[in-house]
Amino acid sequence: MPSPGPDEATMKAGLQAYVDRINAGDVAGVLALFAPGAVIEDPIGSPPKQGADLPRWFADTVAFATRITPVAPLRGSHGNEALVVFDVEFTPPGGERLRIRTADACTFDADGRITALRAYWGPGDLAPATGAAGAQNEG
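Residues numbered from 1 in each chain as written. Predicted model: local features only at pLDDT ≥ 70, side-chain atom pairs only at ≥ 80, totals over all residues. Heavy atoms only, no water.

A few words now on the packing of aromatic side chains. Within the structure shown, the criterion is met by three aromatic pairs. Ring geometry for tyrosine 18 against phenylalanine 58: centres 6.2 Å apart, planes inclined by 80°, an arrangement best described as edge-to-face. Residue tyrosine 18 is found in helix H1 (residues 8-24), and its partner phenylalanine 58 is found in helix H3 (residues 53-63); the two are separated by 40 residues along the sequence. The exposure classification of tyrosine 18 matches that of phenylalanine 58, with both residues buried. Consider the rings of phenylalanine 34 and phenylalanine 58, whose centres lie 5.5 Å apart with planes at 40°: the pair is tilted. (Phe/Tyr/Trp six-rings, centres within 6.5 Å; stacked < 30°, edge-to-face > 60°. Helix = DSSP H or I, 4+ residues; strand = E, 2+ residues; numbered from the N terminus. Buried < 20%, exposed > 50% of the residue type's maximum accessible area, 1.4 Å probe, protein only.)

Structure follows, in structure tokens:
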């Protein structure tokens, strides 16, 4: 049965572009990867972000000097979803540099744009980015 979305290579390329554009501080480029009406739930259980929330969300991401480092190969699927597992480091205003160990599951439309992003991380996955505390929760 054919997939309702793009092929696996297109989805993985979209995830790699997401990583690259975040790391480059390219807010407009990141936003271009998302379909109109896309929804972000980061982390799962928090209020969804969509519409006018997305430009603000990614502007903050860039302002916080965010750096994404994949820790496993990008994962595809037999459907219209793909996954990136990574560590993300950022510095919130007035705070210390932090690291979140996360996995983002993305759903794609037929044009290869992200329609939904759900981030899997919990309180135990957030720690200072340096020192022994930043190295906890390996695995």
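From this point, the discussion proceeds with the structure in view.
On inspection of all chains with the given rule, the structure shows eight salt bridges. With its nearest N and O atoms 2.8 Å apart, the salt bridge here joins arginine 99 to glutamate 89. Pair noted here: arginine 99 is in strand S5 (residues 98-108) and glutamate 89 is in strand S4 (residues 81-90), with a separation of 10 residues, a long-range link. Since its relative accessible area comes to 15%, arginine 99 is described here as buried. A residue is classified by how much of its surface remains accessible, and glutamate 89, at 22% relative accessible area, is partly exposed. With its nearest N and O atoms 3.4 Å apart, the salt bridge here joins arginine 113 to aspartate 111. (Salt bridge = Lys/Arg side-chain N within 4 Å of Asp/Glu carboxyl O.)

These figures come from the coordinates and say nothing about function on their own.
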